[in-house]
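Results of the structural survey
Next come the chains, spelled out residue by residue.
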Number of protein chains: 2
Amino acid sequence: MVLQDSKFMAEAIKEAKKSLKEGGIPIGAVLVKDGTIVGKGHNRLIQNDSTILHGEMDCIENAGRLKGTDYQKCTLYTTLSPCTMCSGTILLYNIFRVVIGENTTLIGPEKILEGNGVEVTVMHVVECRELLEKFIEDNKETWEAELEKVGFSTD
Amino acid sequence: MVLQDSKFMAEAIKEAKKSLKEGGIPIGAVLVKDGTIVGKGHNRLIQNDSTILHGEMDCIENAGRLKGTDYQKCTLYTTLSPCTMCSGTILLYNIFRVVIGENTTLIGPEKILEGNGVEVTVMHVVECRELLEKFIEDNKETWEAELEKVGFSTD
């Protein structure tokens, strides 16, 4: 399981790096069913001028419309702890497990996921945190504008 | 307020009817700030082969990227009670009020919205329910497949 998790988290990190290359926020995700990647995605807020395409949302959208019995076998790998929107989507589709790269930069309602029966694993991957921290350092105003949109203040 | 609510709910119903014309599920939404519609949208699961474009999500996406202080002044009008995904999005952006056309066909986590400070009004609009009920009657298999995706069984 640990080896598998590292392999799929590496794919989520690749997605985060794709976003960075496009001028976007480096957060990525992959959806895995029965050991196979069925969807990949990354944060597209900046590059697509989107309000809803977080990495997890883009990934779930790109996976296409699966059956409910398939979602229930899926693990979502994401480089950052899922926010309230993405957590709501995980719960809507009854995704059974979520593997999180890091939850230091921002943390979503992980306890609510767990309380609803989702298996949550936090891997504490240094690369996930460093990628995002570097982006924040290089794009302070952009990042603060993002936080303002969701009611966070850095003051 | 009641007159205003009826006016904006009528716009959400127009969106639901647009979806129906496109062969989609008749659920619509509008986002209103300071008495002005800033976004409109409708369910696009079927017509766009989407997993995430519920009426509310499409509406919030179409409103574009507002400031946080703007979202906090917004009311979301939706013909059907928002699901877990849409409720998570409402909470993420701190949308201050949600007006629901009907919550008989399906009901989302309205109590969780309220518990997080969102003002929730259910209008019990017969037209919202009849539009969706007629769609379900005419598209039984499609509707059951939709419910299966989110783990609901009609058995």
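Below is a short write-up of the structure. (Residues numbered from 1 in each chain as written. Chains lettered and ligands numbered in written order. Predicted model: local features only at pLDDT ≥ 70, side-chain atom pairs only at ≥ 80, totals over all residues. Heavy atoms only, no water.)

1. Points about the overall build of chain A
As a reminder, the rule being used: Runs of H or I in DSSP of at least four residues are treated as helices and runs of E of at least two as strands, each being numbered from the N terminus. Only C-alpha atoms enter the radius of gyration; for comparison, a globular chain is expected to reach 2.2 Å times N to the power 0.38, where N is the number of residues. For every residue, the accessible area (1.4 Å probe, protein chains only) is compared with the maximum for its type, and the residue is labelled buried under 20%, exposed over 50%, or partly exposed between those bounds.
Looking only at helices and strands, chain A features 7 helices and 5 strands. Listing every helix and strand of chain A by position from the N terminus yields α-β-β-α-α-β-α-β-α-β-α-α. Radius of gyration (C-alpha) of chain A: 14 Å, near the 15 Å computed for a compact globule of 155 residues. Once the C-alpha set of chain A is aligned to its principal axes, its extents read approximately 45 × 25 × 25 Å. Per-residue burial for chain A yields a buried fraction of 54% across its 155 residues.

2. Quick look at the layout of surface pockets
As a reminder of what qualifies: In the cavity and pocket records, a cavity denotes points on a 1 Å grid over the protein atoms alone where a 1.4 Å probe fits but cannot get out, a pocket denotes an open set with protein on both sides within 12 Å along at least 5 of 7 lines, and lining residues are residues with an atom within 4 Å of a point. Grid points are joined across faces, edges and corners, and a volume is the space filled by probe spheres set on the points. Gly counts as polar in this scheme, as do all residues outside two lists: the nonpolar Ala, Val, Leu, Ile, Met, Phe, Trp, Tyr, Cys and Pro, and the charged Asp, Glu, Lys and Arg.
Estimates place the volume of the largest pocket at around 890 Å³. Surrounding the largest pocket, 39 residues form its lining, A:L92, B:P82, B:C83, B:T84 and B:P109 being those nearest its centre. Residue assignment for the lining of the largest pocket shows that the elements contributing at least two residues are α4 (84-92) of chain A together with α2 (55-62), α4 (84-92) and α7 (140-149) of chain B. A per-class count over the lining of the largest pocket returns 21 nonpolar, 15 polar and 3 charged. Each pocket or cavity is described by its volume, and for the second largest pocket that value is around 470 Å³. In terms of lining residues, the second largest pocket is bounded by 27 residues, among which A:H54, A:C83, A:L106, A:V150 and B:L92 are the most central. Secondary-structure elements contributing two or more residues to the lining of the second largest pocket are α2 (55-62) and α7 (140-149) of chain A together with α4 of chain B. Element by element, the count of residues in the lining of the second largest pocket is highest for α7(A), at 4 residues.

3. Overview of the relation of the copies chain B and chain A
Defined as follows: Overlaid copies result from least-squares superposition on C-alpha atoms, with residues included only where pLDDT is at least 70 in both. Any two residues whose heavy atoms approach within 4.5 Å at even a single point are treated as in contact.
Aligned on chain A, chain B shows an RMSD of 0.0 Å; the corresponding rotation is 180° and the shift along the axis is 0.0 Å. Taken together, the rotation and translation relating the two chain copies correspond to the operation of a two-fold axis. When C-alpha positions in chain B are compared against the rotation axis, the closest is assigned to B:G88, at 2.5 Å. When the interface residues of chain B are mapped onto chain A, 100% of them again lie at the interface, so the same face is used by both copies.

4. Description of the sheet that holds strand β5 (residues 119-122) of chain B
Residue and element names in this part refer to chain B. The condition is simple: When DSSP locates at least two bridges between a pair of strands, those strands are taken to pair. With axes taken as lines fitted to C-alpha atoms, and helix axes fitted only over the stretch in contact, angles between N-to-C directions fall between 0 and 180 degrees.
With mixed pairing, the 5 strands of this open sheet are ordered in space as β2-β1-β3-β4-β5. For this open sheet the edge positions go to β2 (36-42) and β5, each flanked by a neighbour on one side alone. Averaged over all pairs of adjacent strands, the angle between their axes in this sheet comes to 15°, without regard to strand direction. Summarising the sheet, strand β4 (residues 97-102) and β5 pair through 4 bridges and their orientation is parallel. The residue bridging I100 from the neighbouring strand is V122, located in β5. Relative to strand β3 (residues 74-80), helix α1 (residues 2-21) is tilted by about 50°, and along the sheet it contacts β1 (28-33), β2, β3 and β4.

5. Observations concerning the packing of aromatic side chains
What counts here: Each pair of aromatic rings taken from Phe, Tyr and Trp, with Trp reduced to its six-membered ring, is defined by centres within 6.5 Å and is described as stacked if the planes are under 30 degrees apart, edge-to-face if over 60, and tilted in the remaining cases.
Scanning the entire structure with this criterion turns up 4 aromatic pairs over all chains. Ring plane angle 50° and centroid distance 5.4 Å describe the contact between A:F8 and A:Y77, whose orientation is recorded as tilted. Placement of the pair is A:F8 in helix α1 (residues 2-21) and A:Y77 in strand β3 (residues 74-80), with a sequence separation of 69 residues. Of the two residues, A:F8 and A:Y77, neither departs from the other in class, the shared state being buried. With a centroid separation of 4.5 Å and 35° between ring planes, the pair formed by B:Y71 and B:Y93 is classed as tilted. On the criterion of sequence distance, the pair formed by B:Y71 in helix α3 (residues 68-71) and B:Y93 in the loop between α4 and β4 is long-range, its members being 22 residues apart. Relative accessible area serves as the criterion here: at 0%, B:Y71 is assigned to the buried category.

6. Some remarks on the interface of chain B and chain A
Condition: Salt bridges, as used here, are contacts in which a Lys or Arg side-chain nitrogen is within 4 Å of a carboxyl oxygen on Asp or Glu.
At the junction of the two partners, chain B supplies 33 residues and chain A supplies 33 residues. The tally of links between chain B and chain A comes to 4 salt bridges. Note that A:R65 is salt-bridged to B:D49, the shortest N-O span being 3.4 Å. If you list the elements that add at least two residues to the side of chain B that touches chain A, you get α2, α3, α4 and α7 of chain B. Grouping the constituent residues of the side of chain B that touches chain A by class yields 14 nonpolar, 12 polar and 7 charged.

7. Observations concerning the packing of α4(A) against α4(B)
Defined as follows: Should an angle lie under 35 degrees it is considered roughly parallel, over 145 roughly antiparallel, and from 65 to 115 roughly perpendicular; all remaining angles are considered oblique.
Remark: α4(A) packs on α4(B), axes separated minimally by 7 Å, with the N-to-C direction vectors making an angle of 170°. By the angle class used here, α4(A) and α4(B) are roughly antiparallel. When α4(A) is examined against α4(B), the residues A:T84, A:M85, A:G88, A:T89, A:L91 and A:L92 are found in contact with a partner set consisting of B:T84, B:M85, B:G88, B:T89, B:L91 and B:L92. Per-class residue counts for the contact of α4(A) with α4(B) are 6 nonpolar, 6 polar and no charged.

8. Regarding the pattern of salt bridges
Residue and element names in this part refer to chain A. Under the criterion given, the structure shown has 29 salt bridges over all chains. Note that R129 and E133 form a salt bridge whose closest N and O atoms lie 3.4 Å from each other. One end of the pair, R129, and the other, E133, are both in helix α6 (residues 126-138), 4 residues apart, so they sit about a helical turn from each other. Its relative accessible area of 27% is what places R129 among the partly exposed residues. Among the charged side chains, a network of salt bridges with common partners joins D5, R97 and E119.

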